[in-house]
2 protein chains.
Amino acid sequence: MNDGLPGDLTLRHPRGETALFVGRGAFERGRPHLGAWLSGRQAFLVSSEAVLAHHRPVCAEIEKLCADLVVLPVPDGESAKSLAVAESVWRQMLRAEARRDSLLLGLGGGSVGDLTGFVAATFLRGIEMALLPTSLLAQVDAAIGGKAAIDLPAAKNAVGAFWHPRWVVADLDWLGSLPERELRAGLAEVVKIAAAADAPLFERLERDLPACLAGDLERLDATVRSAAAVKVRIVEADPDEADRRRLLNLGHTLAHAIETASEYRGLRHGEAVAYGLLFATRLARARGADERFGDRLAALVSALAPPPLPTLSVEALQDAMRRDKKARREGVVWVLPMRVGEIELVADLDPAMLRAELEAFLSAPWEGFSRAADGVR
Amino acid sequence: MNDGLPGDLTLRHPRGETALFVGRGAFERGRPHLGAWLSGRQAFLVSSEAVLAHHRPVCAEIEKLCADLVVLPVPDGESAKSLAVAESVWRQMLRAEARRDSLLLGLGGGSVGDLTGFVAATFLRGIEMALLPTSLLAQVDAAIGGKAAIDLPAAKNAVGAFWHPRWVVADLDWLGSLPERELRAGLAEVVKIAAAADAPLFERLERDLPACLAGDLERLDATVRSAAAVKVRIVEADPDEADRRRLLNLGHTLAHAIETASEYRGLRHGEAVAYGLLFATRLARARGADERFGDRLAALVSALAPPPLPTLSVEALQDAMRRDKKARREGVVWVLPMRVGEIELVADLDPAMLRAELEAFLSAPWEGFSRAADGVR
């Protein structure tokens, strides 16, 4: 599907290119290329103990490919993305005499990828890296596009860089170890990508989402490959998120606020995104978006069955939004889904209207949507 | 000297361009451009208390140019370049509700510039910045080229990024406040640039260095402008320091080792570079470099009159060099000055020879050079 190039997909960015191997058998296809890259090099593998325990065979294969592999375990989930963890990784790399031509690999979910990217971007002013995402969310979204960051207590992703991996190996067969909750959270990002940018993927989800959630690997493979290809296309068009790439923040303004306000102890990222999509749909509808599209999108979110929304105040959410890095001079910019594959960026939402919508949403998130619409069959 | 473009010099880099105002009257020339850039924006000024006290009028002018200026004082010198200081700056910016379109200014010496660049590169994945270097060293070298970093205890510049300022305003008239020791240290980097890359600048130094050191502002102005222009040319040819730009590390392998081994409490950076230049000249001579050029370079270094070398062991220096980020798979790469404006990169220096040269150098750094050569008239 990517004539003459080493990956299933290629992402061209201002500093070079990323080769991506995506879907079933990705590691098999990517291994010779990873092998040539790692050959004779010192490499560092950033991962969590839980991921390492699930993916011993992959680690063993990687170890065989390089001259010297140092495994650097980091905490699971969002707590990997702290300055203290980054500092510990930098220090361990220095102790192991890492150099500019040392290589970094990140094996794990979105948090491991974000941390690995940030460390790679900054260690000795930048070294090469590969991402091996093991969560669906990371395979279809987080690992693609070079966004790397750690959190500060006051804001998620407050400190980071754009730093693209040389390789992404996103093997769907690794997801066997994935709890269903993670699968649902990952598919939330696929719904986002589809709603914001790709009508055919949206229609595919309406057809195949239940099968994907039921564990149909063949349909999940096709869905994941499509989502990755759409994401690559969006990133290539706007690598630094100056403009068009902001459409990928659909659902994320509220999602980040939910995560910050609940100190990352409530919903998973993908689950927060599910609610973020629903709320953005609600706002879009209040601004004249297609009613039926809103029902279809709500039906997809409903099929993802996110756990109940935690109890949060309007004030706490608004406070978190104001500090979100997507805020600009003009205030919070909302990404609103207007029609299938089409969004609008809106900076001038009336504060009173926003507050009223937020209050209504917090008390009854699904109200007003025909969840059993003919969207998901 | 830069037809139709806003600066005295323009540096084109992969992500855009930097406009530089250099020499006497630079702030006057740059102010309208800074004004247009800052207009209506929230800006943060990173500087040290000592620099702020010396440059109150400049700060007042900058404050007038923007909508909202927050001054963030940081420690003086190398101690500004710590992770703790960077974290404090990030947090203060978040508290002040900084956004992606907030602007950062660094007013101070090389350390303030390095810290400011690192914070700008990483805050919300990168915001725009301007550098206003107030030391000669920063005006001719550190502020040009986008290298930004902080130190970890085990290695100087261990964590950083390439992040170019939008503007560099390097006003020579600000140097009135500069102790002579800083002036000498800054001219060490000019000697480096000249020896490594530009014969006409080298000859200018042989003619004008004593006058520059004696406070002849006119000759210093011409020297600084030439040095900045040479540096811009080198950076443009190799922005990521993959190859040619490494010539600017002339003298820095030993210099960083001296600084690390003495925990930054011995010589200033420019002074350490002076000794580094001398030692590199010694190694170059041992590999057949032009004898007379060695004497001429030693004479320039001698004119800089660095303070005595601190007492350091060969072992401590070699240990620091091994961890230096310039080390690659092939080991430490030495930049050796062979002829005026010409260097060689050497990775295979015989360890026994290096050790012997280092021992001899530590006991008698100037031995073997005709310091009173006809170099400096």
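Read on for an overview of the structure.

Right, let's talk about the environment of Glu 367 of chain A for a bit. The topology assignment puts Glu 367 of chain A in the segment after α14 (351-363). Distance from Glu 367 of chain A to Leu 183 of chain A, taken between C-alpha atoms, is 25 Å for residues 184 residues apart in sequence.

A few words now on the relation of the copies chain B and chain A. Copy one and copy two of the chain differ by a rotation about a common axis and a shift along it. Rotating chain B by 180° and translating it 0.0 Å along the rotation axis places it on chain A, where the RMSD comes to 0.0 Å. The symmetry that links the two subunits is that of a two-fold axis. Looking at the rotation axis and the C-alpha trace of chain B, the residue lying nearest is Pro 14 of chain B, at 3.8 Å. Most of the interface of chain B is mirrored in chain A, where 100% of its interface residues are also at the interface.

Here we come to the interface of chain B and chain A. If you look at the interface, chain B gives 39 residues, while chain A gives 39 residues. Between chain B and chain A lies a buried interface of about 3,900 Å² when both sides are counted; carbon and sulfur atoms form 57% of it. There are six salt bridges connecting chain B and chain A. With its nearest N and O atoms 3.4 Å apart, the salt bridge here joins Arg 15 of chain A to Asp 240 of chain B. Put simply, chain B and chain A have ten residue pairs in polar contact (both at pLDDT 80 or more) between them. Where the side of chain B that touches chain A is concerned, the elements lending two or more residues are α4 (83-95), α5 (110-122), β7 (147-152), β8 (155-162) and α13 (314-323) of chain B. Ranked by residues supplied to the side of chain B that touches chain A, first place goes to β8 of chain B with seven residues. Classifying every residue of the side of chain B that touches chain A by side-chain character gives 18 nonpolar, four polar and 17 charged.

Another aspect to go through is helix α3 (residues 56-65) of chain B. Along an α-helix, residues three or four apart share an orientation, since each turn contains 3.6 residues. Residue and element names in this part refer to chain B. Along α3, the residues classified as buried are Val 58, Cys 59, Ile 62 and Leu 65. Each buried residue of α3 sits inside an arc of 115° when the element is viewed along its axis, so together they form one side. Counted as exposed and oriented over 90 degrees from the buried face of α3: Arg 56, Pro 57 and Lys 64. For α3, the elements touching its buried residues are α1 (26-38), β3 (42-48), α2 (49-54), β4 (68-74), β5 (103-108) and β6 (129-133).

All names here are of chain B. Taking strand neighbours across the sheet as the criterion, the seven strands line up as β1-β2-β9-β6-β5-β3-β4 in an open arrangement whose pairing is mixed. Pairing within the sheet leaves two strands with one partner each, and these edge strands are β1 (9-13) and β4. With direction set aside, neighbouring strand axes in the sheet form an average angle of 15°. The sheet contact formed by β6 and strand β9 (residues 167-171) spans two bridges and is parallel. Considered in β9, the bridge of Leu 131 is made with Val 168.

Below, the discussion takes up the packing of helix α11 (residues 269-286) of chain B against helix α14 (residues 351-363) of chain B. Residue and element names in this part refer to chain B. At a minimum axis separation of 11 Å, α11 and α14 run at an interaxial angle of 135°. Considering the angle they form, α11 stands oblique to α14. With respect to the hand of their crossing, α11 and α14 are arranged in right-handed fashion. Taken together, the residues of α14 that come into contact with α11 (itself represented by Tyr 275, Leu 278, Phe 279, Arg 282, Leu 283 and Ala 286) are Met 353, Leu 354, Glu 357, Leu 358, Ala 360 and Phe 361. Of the residues assigned to the contact of α11 with α14, the class counts are ten nonpolar, no polar and two charged.

The next point concerns the nonpolar core. In this structure, Met 93 and Leu 187 of chain A together with Met 93 and Leu 187 of chain B are the most contacted members of the largest nonpolar core, which totals 223 residues. Once residues within four sequence positions are removed from consideration, Leu 187 of chain B is found in contact with Leu 136, Leu 209, Cys 212, Leu 213, Leu 220 and Leu 304 of chain B. Formed by 25 residues, the second largest nonpolar core is a distinct cluster that contains Ala 43, Val 58, Leu 65 and Leu 132 of chain B.

This paragraph deals with helix α10 (residues 252-261) of chain A. All names here are of chain A. Here α10 lies mainly inside the structure; nine of its ten residues are buried. Those residues of α10 not exposed but buried are His 252, Thr 253, Leu 254, Ala 255, His 256, Ala 257, Ile 258, Glu 259 and Thr 260. Along its buried surface, α10 packs onto β8 (155-162), α7 (180-197), α11 (269-286), α13 (314-323), β10 (334-339) and α14. Positive backbone phi, approximately 50°, marks Glu 263, located one or two places after α10.

Reading the values: rules and limits
- Residues numbered from 1 in each chain as written.
- Chains lettered and ligands numbered in written order.
- Predicted model: local features only at pLDDT ≥ 70, side-chain atom pairs only at ≥ 80, totals over all residues.
- Heavy atoms only, no water.
- Helix = DSSP H or I, 4+ residues; strand = E, 2+ residues; numbered from the N terminus.
- Least-squares fit on C-alpha atoms with pLDDT ≥ 70 in both.
- Contact = heavy atoms within 4.5 Å.
- Buried area = accessible area lost by both parts, 1.4 Å probe.
- Salt bridge = Lys/Arg side-chain N within 4 Å of Asp/Glu carboxyl O.
- Polar contact = N/O pair within 3.5 Å; in protein donor to acceptor, adjacent residues only side chain to side chain.
- Nonpolar A, V, L, I, M, F, W, Y, C, P; charged D, E, K, R; others polar.
- Buried < 20%, exposed > 50% of the residue type's maximum accessible area, 1.4 Å probe, protein only.
- Arc of directions from axis to C-beta.
- Pairing = 2+ DSSP bridges.
- Axes fitted to C-alpha atoms, helices over the stretch in contact; angles between N-to-C directions.
- Parallel < 35°, antiparallel > 145°, perpendicular 65-115°, else oblique.
- Left-handed = near helix turned anticlockwise from the far one by under 90°.
- Core = buried A, V, L, I, M, F, W, Y, C linked by side-chain atoms within 4.5 Å.

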